[in-house]
There are 2 protein chains.
Amino acid sequence: MSSSQLLQQLQSLFPAERVFTDPVDCYAYSYDNSRNFLPPIAVVFPLTAEEVQAVVRLCNEHKIPVVPRGRGTGTAGGSVPEQGGVALSLERMNRILSIDPDNRMAIIEPGVLNQELQDAIRPKGFFWPPDPSSAPYCSVGGNLATCAAGPHAVKYGVARDHVLGLKAVTGSGELIRTGCYTTKGVVGYDLTRLIVGSEGTLAVIVEATLKLTPLPRATGGLTAQFRDTVSCAHAIAAIMAQPFVPSALEFLDNNALNLIRNRHPGMLPEEMRALLMIEVDGSEAEIHEASEAILKACEVDGLIEAKLAHDTESLWAARKALSPLLRDVAPKKINEDVAVPVSRLPELLGGIEALAQRYRIANVNFGHAGNGNIHVNLLVDPGNPDEMERAEACLDEVFSLVLSLDGTLSGEHGVGMAKRPFIPREIDETTIALMKSVKLAFDPSNILNPGKLFP
Amino acid sequence: MSSSQLLQQLQSLFPAERVFTDPVDCYAYSYDNSRNFLPPIAVVFPLTAEEVQAVVRLCNEHKIPVVPRGRGTGTAGGSVPEQGGVALSLERMNRILSIDPDNRMAIIEPGVLNQELQDAIRPKGFFWPPDPSSAPYCSVGGNLATCAAGPHAVKYGVARDHVLGLKAVTGSGELIRTGCYTTKGVVGYDLTRLIVGSEGTLAVIVEATLKLTPLPRATGGLTAQFRDTVSCAHAIAAIMAQPFVPSALEFLDNNALNLIRNRHPGMLPEEMRALLMIEVDGSEAEIHEASEAILKACEVDGLIEAKLAHDTESLWAARKALSPLLRDVAPKKINEDVAVPVSRLPELLGGIEALAQRYRIANVNFGHAGNGNIHVNLLVDPGNPDEMERAEACLDEVFSLVLSLDGTLSGEHGVGMAKRPFIPREIDETTIALMKSVKLAFDPSNILNPGKLFP
């Protein structure tokens, strides 16, 4: 380790306001929304691709980790400087370089906030579909690094589906250009979509060419209330088996509803034990047709009422506020985002309820049901070792259940530090070894966010 | 080289009807639709993933190339056994393993024909969007290896957008499993979409989990006739700049129209010099709204007439027959499939006309205009060296034009052998070197379709 030499070199390359080395200044760059806390030796704020290259080259020379970072809103620890090293904050590379409505594209730097992008393209008639709850304060670069999604992925897909090309810096500090500026292109390997979702372990994204989507002409809302979770899961499967794809299909279990009931008394009827919040978009005629079909699909045993909801704004606001509300209930949430094929949701949701009961773990489940993507939150007190043990055992069985239902351990949050130990249960040894070789092709010294994503 | 030993080993592993070594038997496996002809030393027809592994392992041991092959309909030479070695024909791995309408998925072996898949899923209300002209006789495995597209890509995307997971055999003969059985998943690197479009150079696809799309409720047709190519190009850009995305938007230049006129006298008016064939799909109301908007976008200077076309079946059949018709006109076609951002189509199409005139090269241009993807065909006589020289010079300038317009040298055909020399003009040296390292991670001995795709 020659970290003091590296720090000197960084300080000679960058002005003082763009290299932090004082632990107090570095504090805010030591954690993300996973609540893992591991400080870097320095935080650097590059403004250009060349500056990113310079930092990575120095770190490569000294074999010191460099951990790219957007706004630290990830929930899996992907941007935590676990092994120390340099936190490379892209937050000041925050320019929208061009918006090209005729070709439905925009070119951005990675530090642009998701909401800033939406605000810039909306007046031109477009949106960018990835919409995590953290949209107002997460960066597009972070959205790409984690392949972020959100409620609208059920109709519009995930970050990977909305990027055409990248400029990125590899682990040896080389600048690569991937993809193209057309909606079709098959020249060379698709490194673009490989880098998307690689959690900063393959390359640092310094510029992205995004595909924009025309705003829907109109939007309609529906809600469906159920007496129990499993009947609601059957309705979800029925909705997704008919041809009209909702633009959002969000599920809330009774414990999630109780959080809303506590904050907004009287908003939700007592006998409801599961709720679907459904959005449809398109022309007025399309919305009408889709709504009819979806209301029909909701007619399962256990339905209390399914109806058009003309003003759903407060309900969506409540849904968006759910994640932070969980912090009110228990000192710690073990936050998972498993996904299963939608037809297996009744087994998953029924199974989770049974496991939580067996292990006596408070839990709140909600999420993007149209993708079979459920946020399972086990609420625990780290000061209670018996409870923690039961929670770990419960979680283990939840994962086994998910995999037995042909599911995946993470639909959108990623692996980071949080899910590493469980990866070998989903991906076989041979495929993991190949992924590690691919990483070495991009990052021969293993300095880019080392230790993340792999078991 | 120990090819005679390899042949013996193959013959001991496979029954005689599944190993061809007689040059006469191997003949049909020596070329594709690029008309490059280079024979393999053997053709092997595996039936299982394990058999594919056995062949690749043997070839790896002897350092002999193995060239995976669907039905040989590619136009870039991707499946031609250029360096000899073993042609690995996947055509007998042709089972549809499962169709899961509730989760909108199907699992197939690579040798299933595109049309067989469509026929199997249509009764259940689905289609698989990639629809190259060769759909009746090309394999889905080949569609994936080349990231095939077709007319409907403008609305529905390309092969890469419609696959969720793969089983594949790497160059060291190892079986890997990529992706997941859910519509969202972020565990590990996205090797699925990296292998798609890699033209058999990274791994041999032995099984694919495909995403199915609900059939549109209805389909409508429109045609728009123009006095000249450039005004037609302006209409294309205007159509793509408004929010209703057509499900197909096909362009034919005057030379393409003349081919149809020769075969179908009286079908097309004489004053027309460019034609758009447009398809819209959705509900009846949606089709009505979209048709209105598109007809309006067609109102450019140079429009002869834009109208609803209630029976377009014969016109689509004529469009589908265009590629083979080119063989009637000249002994050889130099067949390109460049793509540019749609707003640059007027410059591209005007530029190609000017270049063809300057170099006195007969040419026919048509294609998937909604993606800016134009099939440029230079018609030449290989017996005329002067003409061949002019054609090469013309092509060179076409490529320069395409790249100056932020385009790509191939929208859907791929690189194979045909486009290799031009790749360094589109992809920089650093990025090509990285792609080569990625290939070595999958295929350490460089035996999988060696020499293809790279300059």
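About the criteria used
Residues numbered from 1 in each chain as written. Chains lettered and ligands numbered in written order. Predicted model: local features only at pLDDT ≥ 70, side-chain atom pairs only at ≥ 80, totals over all residues. Heavy atoms only, no water. Buried < 20%, exposed > 50% of the residue type's maximum accessible area, 1.4 Å probe, protein only. Helix = DSSP H or I, 4+ residues; strand = E, 2+ residues; numbered from the N terminus. Pairing = 2+ DSSP bridges. Contact = heavy atoms within 4.5 Å. Buried area = accessible area lost by both parts, 1.4 Å probe. Salt bridge = Lys/Arg side-chain N within 4 Å of Asp/Glu carboxyl O. Polar contact = N/O pair within 3.5 Å; in protein donor to acceptor, adjacent residues only side chain to side chain. Nonpolar A, V, L, I, M, F, W, Y, C, P; charged D, E, K, R; others polar. Domains from an automatic or database assignment.

Topic: the pairing of strand S3 (residues 66-69) of chain B
All names here are of chain B.
- Burial along S3 is two-sided: Val66 and Pro68 facing one way and Val67 and Arg69 facing the other are all buried.
- Pairing geometry for S3 and strand S4 (residues 86-89), over 4 bridges, is parallel. Residue pairing for S4: valine 67 is matched across the bridge by alanine 87.

Remarks on the pairing of strand S14 (residues 274-282) of chain A
Residues and elements named next belong to chain A.
- Burial analysis of S14 places 9 of its 9 residues in the buried class, the great majority of the element.
- Side chains Ala274, Leu276, Ile278, Val280 and Gly282 of S14 all project onto a buried face; the interleaved residues Leu275, Met277, Glu279 and Asp281 project onto the opposite face, where all are buried too.
- Pairing of strand S12 (residues 218-226) with S14 involves 9 bridges; the strand directions are antiparallel. Within S14, the position partnered with phenylalanine 226 by the bridge is alanine 274.

Some details on the interface of chain A and chain B
- Facing the 78 residues of chain A at the interface are 78 residues of chain B.
- Sorting the residues of chain A by area buried against chain B places Lys184(A), Val186(A) and Tyr189(A) first, and these three jointly supply 16% of that buried surface.
- Connecting chain A to chain B are 8 salt bridges.
- A salt bridge links Glu289(B) to Arg217(A); its shortest N-O distance comes to 3.7 Å.
- One can count 24 residue pairs in polar contact (both at pLDDT 80 or more) joining chain A with chain B.
- Per element, the largest residue contribution to the side of chain A that touches chain B is 9 residues, and it comes from helix H16 (residues 429-442) of chain A.
- In the side of chain A that touches chain B, the residues fall into 36 nonpolar, 25 polar and 17 charged.

Quick word on the domain arrangement of chain A
Residues and elements named next belong to chain A.
- Segmentation of chain A into domains returns domain 1 (3-89), domain 2 (96-214) and domain 3 (218-404).
- The distance between the C-alpha centroids of domain 2 and domain 3 comes to 28 Å.
- Contacts between domain 2 and domain 3 engage 10 residues on the former and 13 residues on the latter.
- Approximately 940 Å² of surface area, both sides summed, lies buried where domain 2 meets domain 3, with 51% of it carried by carbon and sulfur atoms.
- Among the residues domain 2 hides against domain 3, the three largest losses belong to Pro151, Val154 and Lys155. Together they make up 58% of the total.
- Inspection of the domain 2/domain 3 interface yields 1 salt bridge.
- For lysine 155, the salt bridge goes to aspartate 281, with nearest N and O atoms at 2.6 Å.

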